[in-house]
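The lines below spell out each chain.
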Amino acid sequence: MSKVDGKFQFSPISVNFLTEVAKVIFAIVMLVIQSRKQKAGEKPLLARSTLIQAARNNVLLAVPALLYAINNYLKFIMQLYFNPSTVKMLSNLKVLVIAVLLKFIMRRRFSVIQWEALALLLIGISINQLRTAPAGDTAFGLPITAIAYIYTLIFVTVPSLASVYNEYAMKSQDTSIYLQNLFLYGYGAIFNFLGILGTALFQGPENFNILQGHSRATMFLICNNAAQGILSSFFFKYADTILKKYSSTVATIFTGLASAAFLGHTLTINFLLGISVVFISMHQFFSPIAKVKDDKPGELLELQDTQNHR
């Protein structure tokens, strides 16, 4: 809704910068509230020594912050090539990439049923994508379809790496989530500000005006993206990256309905069939029978075999 004649009149990097600033403010406010609720004898959260130690321990958060800065810019680029519901469906591809990364990086195990559920996810996304790729124009000397798929590849892999690395960094330190968020969002604000400086350097100083071209829609976008980022951090800290990405598939149907209601986009049979398969995949992945069972000790297996024989 923030596009004008199919283009953005504002700098997407400025939106991402203001989003990170909003999240930093939220983290600071929550830290102040949390510090006031601390019991006597606990190490003060806002003490200088605490902040310095936390900064050293959470320096790894700079890596996902950089990756998220790239991904958040790509979100706007994707909106230039696909409608909102299609972008949301494409983002579900991240679940498969994240599962592979979790298996090889964090040694997480998945059952055969869960891998089958991920295969269903790919099928559902493929159904939705049939005959929805843009065509008939070129960009950067390549057909738009080729450019769109290149952006899609980056759009899927970069945030997947960021999510897995972020979960690892969040869970590796026993620190207040608001303190970790302060550094994660602080790094993000720095990277986006560097992007604004680079844009002003190469495209002219008028691009340094971060509020240029903004409207009520962009202000709402900033607040919404900030809330989404804050909620995501709780998934990484206390839950699971795949749960976070899979739960976002629930939003796909609402994205499709809102896109049809406010932007006049047509809900195709491909979208309805695709989202149905995606929901089946999600139910199958988190089904109790799909969970990996822990290996039982040999002695216990022998005892069970004896009891079964009797």
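Okay, so let's go over this structure. This is a predicted model, so every value here is computed, not measured.

Focus: the overall build of the protein
Each helix and strand in the protein was counted, giving 13 helices and four strands. For the protein, the residues scored as buried account for 43% of the 310 residues in total. Sequence-distant contacts in the protein: of pairs separated by 6 or more residues, those separated by 24 or more amount to 80%. When the accessible area of the protein is evaluated, it comes to approximately 17200 Å², of which 65% is carbon and sulfur surface.

Quick word on the nonpolar core
Counting residues in hydrophobic clusters, the biggest one holds 28 residues, and the most contacted among them are Met-78, Tyr-81, Phe-82, Tyr-151 and Ile-242. Of all the secondary structure elements, the ones that give two or more residues to this core are α3 (62-81), α4 (84-91), α5 (94-105), α6 (112-129), α7 (144-172) and α12 (269-285). Sorting elements by how many residues they give to this core places α7 first, with six residues. Among the nonpolar cores identified, the runner-up in size contains 23 residues, and Leu-31, Leu-61, Ala-162 and Ile-230 belong to it.

A few points about the packing of helix α11 (residues 250-263) against α12
As a packed pair, α11 and α12 sit with axes 9 Å apart at the nearest point and diverge in direction by 160°. In terms of orientation, α11 lies roughly antiparallel with respect to α12. Both α11 and α12 take part in a crossing whose hand is left-handed. Two secondary-structure elements touch here, α11 through Val-250, Thr-252, Ile-253 and Gly-256 and α12 through Phe-271, Ile-275, Phe-279 and Met-282. Grouping the constituent residues of the contact of α11 with α12 by class yields six nonpolar, two polar and no charged.

Digging into the layout of surface pockets
Here the idea is plain: a probe the size of a water molecule rolls over the atoms and shows the empty space left. The volume enclosed by the second largest pocket comes to roughly 400 Å³. If you go around the second largest pocket, you meet 17 residues; those closest to its centre are Phe-8, Phe-10, Ser-11, Pro-12 and Gln-203. Those elements that place two or more of their residues in the lining of the second largest pocket are β2 (7-8), α1 (12-36), α3 and α8 (177-203). Among the elements that take part in the lining of the second largest pocket, α3 stands out by supplying four residues, more than any other. Looking at the lining of the second largest pocket residue by residue, the class counts come to eight nonpolar, seven polar and two charged.

What to know about the pattern of salt bridges
One pass over the full model with this rule turns up three salt bridges. A salt bridge links Lys-23 to Glu-20, with the nearest nitrogen and oxygen atoms 3.2 Å apart. With Lys-23 and Glu-20 both in helix α1 and three residues apart, this pair spans about one turn of that helix. Using a relative accessible area of 5% as the deciding quantity, one classes Glu-20 as buried. Note that Glu-167 is salt-bridged to Lys-171, the shortest N-O span being 2.9 Å. Here Glu-167 pairs with Lys-171, and both are found in helix α7, just four residues apart, close to one helical turn. You can call Lys-171 partly exposed: its relative accessible area is 39%. One network of salt bridges, with partners in common, ties together Arg-108, Glu-167 and Lys-171.

Conventions and cut-offs
- Residues numbered from 1 in each chain as written.
- Predicted model: local features only at pLDDT ≥ 70, side-chain atom pairs only at ≥ 80, totals over all residues.
- Heavy atoms only, no water.
- Helix = DSSP H or I, 4+ residues; strand = E, 2+ residues; numbered from the N terminus.
- Buried < 20%, exposed > 50% of the residue type's maximum accessible area, 1.4 Å probe, protein only.
- Contact = heavy atoms within 4.5 Å.
- Areas by Shrake-Rupley, 256 points an atom, 1.4 Å probe, with all protein chains shown as cover.
- Core = buried A, V, L, I, M, F, W, Y, C linked by side-chain atoms within 4.5 Å.
- Axes fitted to C-alpha atoms, helices over the stretch in contact; angles between N-to-C directions.
- Parallel < 35°, antiparallel > 145°, perpendicular 65-115°, else oblique.
- Left-handed = near helix turned anticlockwise from the far one by under 90°.
- Nonpolar A, V, L, I, M, F, W, Y, C, P; charged D, E, K, R; others polar.
- 1 Å grid on protein atoms, 1.4 Å probe; cavity = no way out; pocket = protein on both sides within 12 Å on 5 of 7 lines; lining within 4 Å.
- Points joined across faces, edges and corners; volume = space filled by probe spheres on them.
- Salt bridge = Lys/Arg side-chain N within 4 Å of Asp/Glu carboxyl O.

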